[in-house]
Amino acid sequence: MSAPLAQTSPPSTVLVTGAAKRLGRAIALKLAANGWRVAVHYRDSVEEARQTVADCSRLTPGAQAFRANLGNETAVRNLLPAVIEAFGQVDAVVNCASTFEHDTAATFSFAAMEKHMRSNAGAAILISQALHTHMAERCKAQPDASAVVVNLLDQKLWNQTPDFVSYTLSKAALDAANSMLALALSPLVRVVGVAPVMGQHQPLLMGEKLEEHRAALAARLQATDLDTTDAVLLALLDASIHGTTLLVDEELPKDKPQPPVPELEPLAPFVPTARRHGRR
Ligand SMILES: NC(=O)c1ccc[n+]([C@@H]2O[C@H](COP(=O)([O-])OP(=O)(O)OC[C@H]3O[C@@H](n4cnc5c(N)ncnc54)[C@H](OP(=O)(O)O)[C@@H]3O)[C@@H](O)[C@H]2O)c1
């Protein structure tokens, strides 16, 4: 009779918000392909969430869907405890869900700002807070346990345009929260930002031009998503990344030859002299 198999620990569990479609789904699949059990959060996209769960489960068994409107504080506060109850523990959260509605300086309103702030910044902070509470409890039995939060930001923060004012403000708030949470939640929870470049969102284009842009992007989108999902996976796995943001640049496709890195001139040996210290 063969020896019984050694007890293996359960796979790490990650909650990905907004994981029914698009980038959130791509991140969920990437993590499932790398052995993570995925809690698939969604709001309205019921069928798509079901599909993401099925596809993740084929890669790493046990994915489940969790519904919550991240604009509702009670729903946000209930989300992580529901995932913990289902899986026993959570090791990482990827805050990917976001409201993305058009406004400008001319049409800006408190209502639009609040809507974006709630789901895009407030929810990410509350979920991070809940993960920290969970880790503080877990560490009583597992002193070495630690967890990670990845916040999806936007390169628009570093390349400003005058549109999507409320969305951009909410991502700026999340960027600031990313730094503050990194200080506040360490060492139990690492916090990392990942900032994709604009992909399908192309706010200044409307009608036919938007369709043209989408068609042109379709071929590149896979690579774009892959780059962002790679960055999220790296953020989860590399314990040295904390309190910073990885900017994902789709302008440098992997198959495009890059200019050679110029060789540096060797440095002249350092010779201390009296003149160096300003005495003639
Ligand atoms: N795609 C890009 O080009 C790009 C560029 C830069 C940054 N990003 C960032 O990357 C992330 C993903 O981008 P994306 O384009 O894939 O996002 P998206 O399609 O605009 O939104 C992702 C999901 O967010 C969920 N969501 C929105 N409001 C919600 C709320 N109040 N409560 C709960 N869920 C809510 C929706 O889920 P349901 O459908 O289930 O309602 C939606 O499917 C975002 O944080 C975005 O800011 C994306």
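For the structure itself, consult the block above.
Residues numbered from 1 in each chain as written. Predicted model: local features only at pLDDT ≥ 70, side-chain atom pairs only at ≥ 80, totals over all residues.

Caption draft 1: Spatial organisation of the overall build of the protein. Counting its regular elements, the protein contains 6 helices and 7 strands. Listing the helices and strands of the protein from first to last along the sequence gives β-α-β-α-β-α-β-α-β-α-β-α-β. Every one of the 280 residues in the protein was classed for burial, and the buried ones make up 37%. Contacts spanning at least 24 positions in sequence make up 73% of the contacts within the protein whose residues lie at least 6 apart. (Helix = DSSP H or I, 4+ residues; strand = E, 2+ residues; numbered from the N terminus. Buried ≥ 20, exposed ≤ 12 C-beta atoms within 10 Å, placed from the backbone. Contact = placed C-beta atoms within 7 Å.)

Caption draft 2: Representation of the environment of Arg58. Within the element layout of this structure, Arg58 appears in helix 2 (residues 46-59). Taking the C-alpha atoms as reference, Arg58 lies 8.5 Å from Ala32; in sequence the two are 26 residues apart.

Caption draft 3: Seen up close, the nonpolar core. If you look at the biggest cluster of nonpolar residues, it comprises 65 residues, and the most contacted ones within it are Val16, Val38, Val40 and Val194. Once residues lying within four places of it in the same chain are set aside, the contact partners of Val40 are Val16, Ala19, Ala20, Ala28, Ala49, Thr52, Val53, Cys56, Ala63, Gln64, Ala65 and Phe66. (Core = buried A, V, L, I, M, F, W, Y, C linked by C-beta atoms within 7 Å.)

Caption draft 4: Broad picture of the pairing of strand 5 (residues 147-152). The element strand 5 is largely enclosed, with a buried count of 6 among its 6 residues. Pairing of strand 4 (residues 92-95) with strand 5, which is carried by 4 bridges, proceeds in the parallel orientation. Bridge assignment links Val93 to a residue of strand 5, and that residue is Val149. What joins strand 4 to strand 5 is helix 4 (residues 110-141), and the crossover it makes is right-handed. Pairing between strand 5 and strand 6 (residues 189-196): 6 bridges, direction parallel. (Pairing = 2+ DSSP bridges. Right-handed = clockwise from strand over helix to strand, strands pointing away.)

Caption draft 5: Expanded view of the pairing of strand 6. Counting buried residues in strand 6 gives 8 out of 8 residues, a clear majority hidden from the surface. Note on the crossover from strand 5 through helix 5 (residues 165-185) to strand 6: the handedness is right-handed. In the sheet, strand 6 pairs with strand 7 (residues 244-248) via 5 bridges, with the strands oriented parallel. Bridging across to strand 7, Pro196 finds its partner in Val248.

Caption draft 6: Spatial organisation of the sheet that holds strand 1 (residues 13-16). Strand order in this open sheet of 7 strands is 3-2-1-4-5-6-7, and the pairing throughout is parallel. The sheet is open, and its two edges are formed by strand 3 (64-67) and strand 7, each paired on a single side. Neighbour-to-neighbour, the strand axes of the sheet open up by a mean angle of 20°, direction not taken into account. On the sheet, helix 2 packs against strand 2 (37-42) and strand 3 and is oriented at approximately 175° with respect to strand 2. Seen against the sheet, helix 5 touches strand 5, strand 6 and strand 7 and runs at an angle of roughly 160° to strand 6. (Axes fitted to C-alpha atoms, helices over the stretch in contact; angles between N-to-C directions.)

Caption draft 7: Structural view of helix 1 (residues 22-33). Between its first and last C-alpha atoms helix 1 spans 17 Å; for 12 residues at 1.5 Å apiece the expected length is 16 Å, and the two agree. What helix 1 keeps buried is the set Leu23, Gly24, Arg25, Ala26, Ile27, Ala28, Leu29, Lys30, Leu31 and Ala32. Looking at the residues trailing helix 1, positive phi occurs at Gly35, about 90°. (Expected span 1.5 Å × (residues − 1).)

Caption draft 8: Looking closely at the packing of helix 3 (residues 73-87) against helix 4. Packing of helix 3 against helix 4 brings their axes to within 9 Å, and their N-to-C directions diverge by 40°. Of the possible angle classes, the one that applies to helix 3 and helix 4 is oblique. In the crossing of helix 3 with helix 4, the sense of the turn from one axis to the other is right-handed. Here Val76, Arg77, Leu79, Leu80, Pro81 and Ile84 of helix 3 lie close against helix 4, whose contacting residues are Ala123, Leu126, Ile127, Ala130, Leu131 and His134. Tallied by class, the residues present in the contact of helix 3 with helix 4 amount to 10 nonpolar, 1 polar and 1 charged. (Parallel < 35°, antiparallel > 145°, perpendicular 65-115°, else oblique. Left-handed = near helix turned anticlockwise from the far one by under 90°. Nonpolar A, V, L, I, M, F, W, Y, C, P; charged D, E, K, R; others polar.)

Caption draft 9: Looking closely at unusual backbone geometry. A cis amide bond links Ser186 to the next residue, Pro187, at an omega of 5°. Looking at where Pro187 falls in the secondary structure, it is placed in the loop between helix 5 and strand 6. The phi torsion at Arg22 lies on the positive side, around 50°, for a residue other than glycine. The topology assignment puts Arg22 in helix 1.

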